[in-house]
Amino acid sequence: MSEPALATTHRSHLCGALRAEHVGTTVRLGGWVHRARDLGGLVFVDLRDRAGLVQVSFDPSRTGSELAARAASLGAETVVLVEGVVTERPAAMRNPDMATGDVEVRATTLRVVGPADTPAIPVARGKSEQLAAEDLRLRHRFLDLRREELQHNVILRHRLMQRTRRYLSDAGFLEIETPILTKPTPEGARDYLVPSRVHAGEFYALPQSPQIYKQLLMVSGFDRYFQIARCFRDEDLRADRQPEFTQIDVEASFVGQEDVMRVAEGLTRALWEEGGSAAPAEIPRMSYADAMERYGIDRPDLRYGMEIEDVSDAFRGLDFPFTSAALEAGGRVRGIRVPGGAALSRKQLDELDAIVKSAGGRGLLRIKRVNGALEGPAAKVLDESRAAKLRLADGELGLYLAGEDRLANPALDRVRQDVAQRMRLIPDDARAFVWVTDFPMFERDAASGALGAVHHPFTAPHPDDVPLLATEPWKARALAYDLVLNGTELGGGSIRISDPALQARVFALLGVDDETARARFGFLLEGLRAGAPPHGGIAFGFDRIVMLLAGATSLRDVIAFPKTTAARALFEGAPSPVPAADLTELHINVERE
């Protein structure tokens with residue numbers, strides 16, 4: 001936005017926007033005192049607004065001693081109005097670390113308009129300044145938000161929102177709001193419930209996603225919808241998760257998987273461009289099965305190698321306790337080769353072993369090649385032909401697990417990630433996008449054998465696998481797709497079920513009987529029976545995208561008013577008790593333990 005558009009009664013320019021071209025201009029500024037320095041009568045005040053800092057000078061020989069004395073007495077974070085003339089700093093006094101470092105404002109007037117108490121936390125500027133503890137910063141969020149880094153992040157968030165709207169609007173999508181007070185329909189996490197005052201004993205739920213509404217919009221003929229949607233999930237406490245979050249929600253009619261992915265790639269390129277980076281013109285594809293086999297996870301980090309390899313043949317038929325029982329039970333021996341890993345210490349290897357055990361694995365089999373010879377517990381039982389199957393180069397370390405894939409995969413994934421960081425194998429500023437496709441439709445409970453939806457119950461099966469629904473439904477693939485960057489899921493989506501008979505069939509496979517289906521999803525089923533076009537979509541985790549593009553390390557650094565990991569809003573003291581009279585009006589009785 002241009003400077004004239006930002007001009008008001010009290011200010012003509014933003015502090016941080018002044019440059020050499022403004023020299024000689026009389027300006028009116030408003031901002032917060034970042035620092036005041038009295039250098040023997042000559043006073044300098046660093047004045048700050050959302051655009052940055054500018055130095056304001058008060059010279060008693062020009063302004064009189066009274067004005068300079070008032071400037072010297074200004075406390076940090078006091079809000080002032082200043083008028084003065086932009087002048088060029090002498091060459092020796094320029095500050096290359098400030099965008100306004102070539103100029104200063106020689107003040108002629110000063111007025112305090114917002115007296116401030118001594119700030120509870122310092123408003124740090126720059127990465128070199130020490131930050132207060134995070135809980136303290138969250139408690140005084142209005143002060144922390146004055147920090148340059150957070151202001152940059154919030155402004156970037158705004159720009160990315162507007163770029164999203166422009167891109168999707170230009171692509172023919174309509175921004176449509178869906179309800180916040182909705183019907184409870186569990187989608188994998190607990191709902192936040194809202195009691196109804198006028199309907200005793202009945203509850204709304206805050207939406208976990210707009211999934212059903214956007215499908216109904218497709219049924220209604222709004223064939224391209226999007227929303228920057230607020231979503232709510234009452235999940236157990238997890239690091240860097242927020243109970244309320246924002247997603248870019250997209251749905252379209254008469255589309256196939258490739259159509260949705262093409263739109264998603266275009267939006268991704270637009271957002272990365274807005275964030276000062278770049279996304280590739282074409283994003284590679286990888287099947288779910290391939291991702292799990294090679295990386296042990298459905299959101300693989302492709303910035304480095306160390307792919308998981310099956311070395312079962314090297315151990316098959318050997319009387320070696322670590323592997324023989326697992327192979328006889330139908331398991332496999334799989335692992336990674338670590339370049340230079342032979343140099344890892346015993347302590348570091350024990351730490352990796354602890355990671356495996358915490359992920360459910362039995363422990364690591366370690367084999368390394370040093371000066372051409374194998375070393376490790378298995379070295380004595382592996383002859384040269386078997387050793388060759390490990391393909392260990394000199395200096396490499398092999399880390400292997402034996403057992404079922406469902407236990408080995410998560411353990412090997414964690415080992416692979418940990419080793420990459422320990423060995424510094426991740427290139428700086430590397431970006432590896434990948435689409436993961438062909439997810440299974442269902443997952444089976446290991447104990448009961450019951451089927452659960454991998455994504456959600458509205459995901460369409462792959463056309464080639466529809467016959468499997470009658471025989472081996474757990475083998476059926478879904479028309480589902482996730483976009484992954486550097487091991488982080490950016491977004492996921494699917495083609496939806498548009499045939500009500502097929503939807504009922506999927507519900508039945510999930511153990512949802514007709515009565516339960518009508519109670520939970522009746523309005524969607526009625527919509528499908530009214531005539532539904534083929535449709536599908538995707539949802540991006542907007543907070544996560546902002547975090548990645550801002551270079552932040554926490555979601556809390558890109559949300560203006562976040563919750564803690566304990567789901568508390570420290571700045572306002574929420575959640576909080578409610579007066580008994582209010583609970584009575586809502587027909588609620590709270591039992592204290």
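Residues numbered from 1 in each chain as written. Predicted model: local features only at pLDDT ≥ 70, side-chain atom pairs only at ≥ 80, totals over all residues. Heavy atoms only, no water.

A. Highlighting the overall build of the chain. Along its length, the chain carries 19 helices and 22 strands. Along the longest, intermediate and shortest principal axes, the C-alpha atoms of the chain span 95 × 75 × 55 Å. By residue count, 47% of the 593 residues in the chain fall in the buried class. Of the accessible surface of the chain, which amounts to about 29000 Å², a share of 51% is contributed by carbon and sulfur atoms. Taken together, the 74 basic and 84 acidic charged side chains of the chain have centroids lying 3 Å from each other. (Helix = DSSP H or I, 4+ residues; strand = E, 2+ residues; numbered from the N terminus. Buried < 20%, exposed > 50% of the residue type's maximum accessible area, 1.4 Å probe, protein only. Areas by Shrake-Rupley, 256 points an atom, 1.4 Å probe, with all protein chains shown as cover. Lys, Arg positive; Asp, Glu negative; His and termini not counted. Charge placed at Lys NZ, Arg CZ, Asp CG, Glu CD.)

B. The packing of aromatic side chains, seen in detail. Within this structure, the stated rule accounts for 8 aromatic pairs. Plain terms: the ring middles of Phe 315 and Phe 320 are 6.3 Å apart, the flat faces sit at 25° to each other, and that makes the pair stacked. On the basis of relative accessibility, which here comes to 0%, the residue Phe 315 falls in the buried class. A relative accessible area of 10% means that Phe 320 is categorised as buried. Between Trp 435 and Tyr 481, the aromatic rings sit 6.1 Å apart at their centres with planes inclined by 80°, giving edge-to-face as the arrangement. Taken together, the residues span a long stretch of sequence, with Trp 435 in strand E17 (residues 433-437) and Tyr 481 in strand E20 (residues 480-485) at a distance of 46 residues. (Phe/Tyr/Trp six-rings, centres within 6.5 Å; stacked < 30°, edge-to-face > 60°.)

C. Highlighting the sheet that holds strand E1 (residues 26-39). If you walk around this closed barrel you meet the 5 strands as E1-E2-E3-E5-E4, and the pairing is mixed. Sheet twist, expressed as the average angle between the axes of neighbouring strands with direction ignored, equals 55°. Examined bridge by bridge, E1 and strand E2 (residues 42-49) share 7 bridges and lie antiparallel to one another. By the bridge assignment for E2, Arg 37 is matched with Phe 44. Strands in contact with helix H3 (residues 65-72) are E1, E2, strand E3 (52-58) and strand E5 (103-114); relative to E5, the strand with the most contacts, it is inclined by about 75°. (Pairing = 2+ DSSP bridges. Axes fitted to C-alpha atoms, helices over the stretch in contact; angles between N-to-C directions. Contact = heavy atoms within 4.5 Å.)

D. Seen up close, the packing of helix H6 (residues 148-170) against helix H8 (residues 257-274). H8 packs onto H6 with a crossing angle of 145° between their chain directions and a minimal axis gap of 9 Å. The way H6 lies across H8 gives a crossing that is right-handed. Here Leu 156, Arg 159, Leu 160, Arg 163, Thr 164, Arg 166, Tyr 167 and Leu 168 of H6 come into contact with H8, specifically with Arg 262, Val 263, Gly 266, Leu 267, Ala 270, Leu 271, Glu 273 and Glu 274. Looking at the contact of H6 with H8, its residues break down into 8 nonpolar, 2 polar and 6 charged. (Left-handed = near helix turned anticlockwise from the far one by under 90°. Nonpolar A, V, L, I, M, F, W, Y, C, P; charged D, E, K, R; others polar.)

E. Spotlight on the sheet that holds strand E14 (residues 365-370). With antiparallel pairing, the 5 strands of this open sheet are ordered in space as E12-E13-E16-E14-E15. Each end of this open sheet is capped by a strand with a single partner; those strands are strand E12 (309-310) and strand E15 (373-375).

F. Spotlight on unusual backbone geometry. With an omega dihedral of 0°, the bond running from Ala 574 to Pro 575 counts as a cis peptide bond. Within the secondary structure, Pro 575 sits in the loop between helix H18 (542-550) and helix H19 (580-585). Residue Glu 77 is not a glycine yet carries a positive backbone phi of 75°. Tracing the backbone shows Glu 77 in the loop between H3 and strand E4 (79-88). Using a relative accessible area of 5% as the deciding quantity, one classes Glu 77 as buried. Within the chain, Asp 429 stands out as a residue other than glycine whose phi angle is a positive 60°.

G. Expanded view of H6. Its 23 residues place the ends of H6 33 Å apart at the C-alpha level, agreeing with the 33 Å of an ideal helix rising 1.5 Å per residue. Turning to H6, the residues buried within the fold contact helix H5 (141-144), strand E9 (224-232), strand E10 (244-253), H8 and H18. Gly 172 sits one or two residues past H6 and shows a positive phi near 90°. (Expected span 1.5 Å × (residues − 1).)

H. A look at the environment of Ala 354. By secondary structure assignment, the location of Ala 354 is in helix H12 (residues 346-358). For Ala 354, a relative accessible area of 44% translates into the label partly exposed.

I. Just the side chain of Glu 251, in detail. Locating Glu 251 in the fold gives a position in strand E10. Glu 251 sits in the buried class, given a relative accessible area of 0%. A distance of 2.8 Å separates the side chain of Glu 251 from the side chain of Arg 496, its partner in a polar contact. Contacts of Glu 251, omitting those with residues within four sequence positions, involve Phe 173, Lys 214, Gln 215, Met 218, Asp 223, Arg 224, Tyr 225, Arg 496, His 535, Gly 536 and Gly 537. (Polar contact = N/O pair within 3.5 Å; in protein donor to acceptor, adjacent residues only side chain to side chain.)

J. Local environment of the pattern of salt bridges. As enumerated under the stated definition, the model contains 48 salt bridges in all. Note that Arg 230 and Glu 244 form a salt bridge whose closest N and O atoms lie 2.8 Å from each other. One end of the pair, Arg 230, is in strand E9; the other, Glu 244, is in strand E10, with 14 residues separating them in the sequence. A relative accessible area of 34% places Arg 230 in the partly exposed class. Assessed through its relative accessible area of 24%, Glu 244 is described here as partly exposed. As a salt-bridge pair, Lys 563 and Glu 244 come within 2.5 Å of each other at their nearest N and O atoms. Note that Lys 563 is positioned in the loop between H18 and H19 and Glu 244 in strand E10, a separation of 319 residues in sequence. The network of salt bridges with shared partners includes Arg 137, Arg 141, Asp 144, Arg 147 and Glu 149. (Salt bridge = Lys/Arg side-chain N within 4 Å of Asp/Glu carboxyl O.)

K. Summary view of the environment of Thr 584. By the element assignment, Thr 584 lies in helix H19. With 367 residues separating them in the primary sequence, Thr 584 and Leu 217 have C-alpha atoms 38 Å apart.

L. Quick peek at the nonpolar core. Ranked by size, the top nonpolar core spans 70 residues in total, and within it Leu 168, Ile 248, Trp 272, Trp 435, Leu 490, Ile 538 and Phe 540 carry the most contacts. Take this core: its biggest share by element is 7 residues, from H8. If near-sequence neighbours (up to four positions away) are discounted, Ile 248 is found in contact with Thr 164, Leu 168, Gln 227, Leu 267, Leu 271, Ile 538, Ala 539, Phe 540 and Phe 542. Of all hydrophobic cores here, the second largest spans 22 residues; its members include Leu 18, Leu 29, Leu 47 and Val 103. (Core = buried A, V, L, I, M, F, W, Y, C linked by side-chain atoms within 4.5 Å.)

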